[in-house]
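# Secondary and tertiary structure notes
Each chain is listed here by its residues.
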Amino acid sequence: MRVLLVAPPGAGKGTQGTLIATHFGIPHIATGDLLRDHVARRTELGRAVEDHLARGELVPDRIVLDMVRAAFAEAKANGGGYVLDGMPRNMAQARALYEVGLELEMTANVALHLQADDEELTRRLLARAALEGRADDTEEVIRRRLTLYHEVTHPIVEWYAGRGILVSVDAMRPIERVGRQILTALETMRGMVDYVPESARRPIDLTGLDAAFGQS
Ligand code: ADP
């Protein structure tokens, strides 16, 4: 299974990415974690991106792309599955990633979109700040990360819808329910993703399921 996560900060990419990786026995490639690890180890790359991270700005595309290309090569040697969390974050990254995927025969089977509103996201990120003290979880930087998400990241969701590989879930609900819905969808698709061409697929929108049962 090859999955991309597209979600605003605070939607639960890390949590759900770990769940998917554990369930399918595939590597969880989280660009934010990889970058923070470089910063913590004070590598040359870490020193180059530290300020971008602290301000909530995106780091240069080339840096993340090289990191992800290396992680993909490693994933390929270990069966070829992956869950990628944190990239792509803009249209140029989406296209570049697709090229790398074609090159390595590892294009994504599913682009999983986690939806949540800004008020809930801000609440979660401020709660996390109190627990983990991440440098970019201050109110001002959170606002910047959300703005960037809406302006440059969210538009790529439509691109995945057009390719037929988009699955949207409502990430406003408790972690376990979101996770169960994701795994159910992915398990259902598992048998067919390798055989049904993207051109024959349609986006799947699971965000209205609770409403169908009278819940919101
Ligand atoms: P979140 O989605 O909660 O903001 P991440 O851990 O995914 O957190 O990313 C943290 C920071 O790392 C981002 O604000 C950005 O500075 C940098 N980053 C991560 N992935 C990318 C990417 N694909 N392109 C550019 N910058 C990135």
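In this text the structure is predicted, and so the values were computed from the model without any measurement.

Counted by the stated rule, this structure contains 3 aromatic pairs. Where tyrosine 98 meets tryptophan 159, the ring centres are 5.9 Å apart and the plane angle is 90 degrees; that geometry is what we call edge-to-face. Of this pair, tyrosine 98 sits in helix H5 (residues 91-104) while tryptophan 159 sits in helix H8 (residues 155-163), and the two are 61 residues apart along the sequence. The structure contains a cluster of three or more aromatic residues connected by ring pairs, namely Tyr98, Trp159 and Tyr160. The ring centre of tryptophan 159 lies 5.0 Å from the NZ or CZ of arginine 163, which sits over that ring.

Attention shifts here to the packing of helix H7 (residues 139-153) against H8. At a minimum axis separation of 5 Å, H7 and H8 run at an interaxial angle of 40 degrees. With respect to H8, the element H7 is oriented oblique. Across the interface between the two elements, Tyr149, His150, Glu151, Val152 and Thr153 of H7 pack against Pro155, Ile156 and Val157 of H8. For the contact of H7 with H8, the per-class residue count stands at 5 nonpolar, 2 polar and 1 charged.

Before going further, it helps to spend a moment on the sheet that holds strand E6 (residues 204-205). Spatially, 6 strands are ordered E2-E3-E1-E4-E5-E6 in an open sheet, and the strand pairing comes out parallel. The two strands at the open ends of the sheet, each matched to only one other strand, are strand E2 (28-30) and E6. Here 4 bridges tie strand E1 (residues 2-6) to strand E3 (residues 82-85), and the two strands are oriented parallel to one another. Bridging from a neighbouring strand, valine 3 pairs with valine 83 of E3.

Turning our eyes to something else, we now look at the site of the ligand. Lining the immediate surroundings of the ligand are 19 residues, of which Lys13, Thr31, Glu57, Arg89 and Gln93 lie closest. Contact distances for the ligand include 2.4 Å between an oxygen atom and a side-chain N or O atom of lysine 13. Here an oxygen atom of the ligand sits 2.9 Å away from a polar atom, N or O, in the side chain of arginine 89. For the ligand, whose accessible area on its own is 550 Å², the fraction buried by protein is 96%. Of all the cavities here, the one that holds the ligand is the largest pocket. Element by element, the count of residues in the shell around the ligand is highest for helix H2 (residues 31-41), at 4 residues. Grouping the constituent residues of the shell around the ligand by class yields 7 nonpolar, 4 polar and 8 charged.

Thresholds, definitions, all that
Residues take numbers from 1 onward in each chain, read along the sequence in its written order. For a predicted model such as this one, the threshold for reporting local features is a pLDDT of at least 70, and the threshold for listing and counting side-chain atom pairs is 80 or more; totals across whole chains, interfaces and linings nevertheless cover every residue. For side-chain calculations, the full set of non-hydrogen atoms in the structure is used, while hydrogens and water are omitted. Pairing of aromatic rings covers Phe, Tyr and Trp, the last through its six-membered ring, and needs centres within 6.5 Å; plane angles under 30 degrees mean stacked, over 60 mean edge-to-face, and all others mean tilted. Secondary structure counts use DSSP, requiring at least four H or I residues in a row for a helix and at least two E residues in a row for a strand, with both numbered from the N terminus. A ring is scored as having a charge over it whenever the NZ atom of a lysine or the CZ atom of an arginine sits within 6 Å of its centre and within 35 degrees of its normal. A fitted line through C-alpha atoms represents every axis, and for helices the fit uses only the stretch in contact; the resulting angles, taken between N-to-C directions, go from 0 to 180 degrees. To sort the angles, those under 35 degrees are grouped as roughly parallel, those over 145 as roughly antiparallel, those from 65 to 115 as roughly perpendicular, and the leftovers as oblique. Contacts are assigned to residue pairs that have any heavy atoms within 4.5 Å of one another. In this classification, the charged set is Asp, Glu, Lys and Arg, the nonpolar set is Ala, Val, Leu, Ile, Met, Phe, Trp, Tyr, Cys and Pro, and all remaining amino acids, among them Gly, are polar. Two strands qualify as a pair provided that DSSP identifies no fewer than 2 bridges between them. We call a residue near a molecule or strand whenever a single non-hydrogen atom of that residue lies within 4 Å of it. Polar contact criterion, stated in full: a pair of N or O atoms within 3.5 Å, where within protein one must be able to donate a hydrogen and the other to accept it, and residues adjacent in sequence count only if both atoms are side-chain atoms. Each accessible area value is a Shrake-Rupley result obtained with a 1.4 Å probe; residue values ignore everything except the protein chains displayed when judging cover. In this analysis the probe radius is 1.4 Å and the grid spacing 1 Å, with only protein atoms considered; a cavity is a set of points the probe fits into but cannot get out of, a pocket is an open set with protein on both sides within 12 Å along at least five of seven lines, and lining residues have an atom within 4 Å of a point. A molecule is counted as occupying a cavity or pocket when more than half of its atoms fall within 2 Å of that pocket's grid points.

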